[in-house]
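A look at the structure
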Amino acid sequence: MPNVSHDTLHGFLPGRPKALNRALDLLDLGIPPGVTTETLATDASSAPKMFTRQMDSVLRVVRPDGRDPFILLVEAQTGIETKKETSWPYYVAYLRDRYKLEVVLLVLCVDTATAAWAARPLRTGLGRPTQVTVPHVLGPANVPRVSRIQDASADLDFAAFCLWIHSNDPDIEGILTVMGEALAQDTDREARDDLAGLIEDGLGSEHARKIWRNLMETLFTPRRGTIVGDARLAGQEEGLKEGREEGRMAGMAERLLRLMERRGFPMTEETRQRVVTCTDMPLLDLWFDRAIDATTLDEIFARPSATDRVPAPAQSPEHTAVPSQEPRNPGPSAD
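Residues numbered from 1 in each chain as written. Predicted model: local features only at pLDDT ≥ 70, side-chain atom pairs only at ≥ 80, totals over all residues. Heavy atoms only, no water.

Let's talk about the packing of helix 7 (residues 172-184) against helix 9 (residues 206-219)
Angle between the axes and distance between the axes: these two values describe a pair of packed helices. Running from amino to carboxyl end, helix 7 crosses helix 9 at an angle of 35°, the nearest separation of the two axes being 10 Å. By crossing handedness, the relation of helix 7 to helix 9 is classed as right-handed. Residues Ile-172, Glu-173, Leu-176, Thr-177, Met-179, Gly-180, Glu-181, Leu-183 and Ala-184 of helix 7 pack against His-207, Ala-208, Ile-211, Trp-212, Leu-215 and Leu-219 of helix 9. Classifying every residue of the contact of helix 7 with helix 9 gives 10 nonpolar, 3 polar and 2 charged. (Axes fitted to C-alpha atoms, helices over the stretch in contact; angles between N-to-C directions. Helix = DSSP H or I, 4+ residues; strand = E, 2+ residues; numbered from the N terminus. Left-handed = near helix turned anticlockwise from the far one by under 90°. Contact = heavy atoms within 4.5 Å. Nonpolar A, V, L, I, M, F, W, Y, C, P; charged D, E, K, R; others polar.)

Below you can see the structure in the form of structure tokens.
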């Protein structure tokens with residue numbers, strides 16, 4: 001299923017011929033270094049278009065001597081999709097017919113199970129196969145795991161590609177740390193910031209993304225004045241703000257639950273969920289005030305009336321605007 005990490009994985013190599021050449025070396029195709037590439041259309045829909053057939057990345061690859069160009073179809077697989085067993089043979093036949101060049105299907109996989117599935121020959125026909133499609137696959141088993149800073153520094157683009165392929169490795173923190181240390185040594189701050197952002201985009205696991213964000217904050221600060229740097233810094237500031245607000249709400253919800261328990265209210269799972277999932281800080285404050293004297297849950301959770309004083313959210317000293325006195329999300333009445 002296409003997503004940011006999927007699109008980053010298949011779209012990264014086409015714009016980086018040196019890293020692409022190293023990836024092709026892993027397939028033992030005998031392609032000499034120094035290839036040039038041309039990005040081609042990825043729409044494989046037939047006319048009239050009854051439905052869309054969209055390939056991932058398609059390149060026309062030319063060797064340094066200009067001879068024997070070929071078509072490289074790059075497909076990213078972050079999991080097993082049985083529909084690709086019919087799509088891939090179609091794509092290969094379509095590209096062969098359209099460009100009259102040899103077609104190489106390269107499937108990029110981030111786990112060994114998907115890689116093993118993708119490497120199987122795809123046959124169609126009765127008796128002797130009419131067509132056989134055998135994808136080339138790059139996955140954790142045949143892509144190097146970059147574990148030394150000097151190796152990552154020697155080719156940051158290829159190291160980033162290897163990192164994504166090994167993003168499900170049990171030691172992903174160690175792999176990310178090596179990449180972060182190598183990237184921090186790069187003197188081209190703009191290129192470094194751009195690659196750092198792409199690395200985060202290419203990580204499919206939120207766990208890995210959190211590790212990477214922490215490393216970036218520890219090792220270097222993205223440079224202001226670049227699109228990626230400004231966006232990342234703005235995101236960090238917004239994230240800190242959101243984190244503080246979430247922390248305040250979680251703390252109030254915990255205090256409210258403790259107060260209700262001490263006062264002997266029946267604490268069902270439904271009641272607990274109503275409190276902990278509330279994202280309206282003024283409403284949590286109101287519930288807390290009511291819980292001090294209320295005798296029933298209905299009194300605590302009753303819809304706020306015109307006479308209720310809904311506490312305003314706490315503000316930092318630099319904020320002086322008068323907050324609204326109306327709750328944002330009072331929630332349904334318990335009546």
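Still more to cover.
Focus: the side chain of Thr-133
When you line up the elements, Thr-133 lands in strand 6 (residues 131-133). Among the polar contacts listed, one links the side chain of Thr-133 to the side chain of Gln-131, at a separation of 3.4 Å. Once you skip the residues sitting within four places of it in the chain, Thr-133 turns out to touch Pro-89, Val-92, Leu-105, Arg-120, Pro-121 and Leu-122. (Polar contact = N/O pair within 3.5 Å; in protein donor to acceptor, adjacent residues only side chain to side chain.)

Some thoughts on the packing of aromatic side chains
Throughout the structure, instances matching the rule amount to 6 aromatic pairs. Aromatic pair Trp-88 and Trp-117: ring centres 5.5 Å apart, planes at 45°, arrangement tilted. Of this pair, Trp-88 sits in helix 3 (residues 84-99) while Trp-117 sits in helix 4 (residues 112-118), and the two are 29 residues apart along the sequence. What makes Trp-88 buried here is its relative accessible area of 1%. An aromatic cluster is built from Tyr-90, Tyr-91 and Tyr-94, whose rings are joined through pairwise contacts. (Phe/Tyr/Trp six-rings, centres within 6.5 Å; stacked < 30°, edge-to-face > 60°. Buried < 20%, exposed > 50% of the residue type's maximum accessible area, 1.4 Å probe, protein only.)

So, the environment of Asp-201
Locating Asp-201 in the fold gives a position in helix 8 (residues 189-202). When the C-alpha positions of Asp-201 and Asn-3 are compared, they lie 9.5 Å apart, and in sequence the two are 198 residues distant. With residues near it in sequence (within four places) discarded, Asp-201 still touches Val-4, Ser-5, Thr-8 and Arg-209.

Focus: the pairing of strand 3 (residues 70-77)
Counting buried positions over the 8 residues of strand 3 gives 8, a clear majority of the element. Of the two faces of strand 3, the one lined by Phe-70, Leu-72, Val-74 and Ala-76 and the one lined by Ile-71, Leu-73, Glu-75 and Gln-77 are each fully buried. Across 5 bridges, strand 2 (residues 57-62) lies against strand 3 in antiparallel orientation. Its bridge partner being in strand 3, Ser-57 is matched across the sheet by Val-74. The sheet contact formed by strand 3 and strand 4 (residues 103-109) spans 7 bridges and is parallel. Considered in strand 4, the bridge of Ala-76 is made with Leu-108. (Pairing = 2+ DSSP bridges.)

Structural notes on the packing of helix 8 against helix 9
Two elements in contact, helix 8 and helix 9, have axes whose closest approach is 9 Å; the angle formed by their N-to-C orientations is 160°. Between helix 8 and helix 9, the interaxial angle falls into the category roughly antiparallel. Relative to helix 9, helix 8 is oriented so that their crossing is left-handed. From helix 8, Ala-196, Ile-199, Glu-200 and Asp-201 reach across to helix 9, where they touch Arg-209, Trp-212, Arg-213 and Met-216. (Parallel < 35°, antiparallel > 145°, perpendicular 65-115°, else oblique.)

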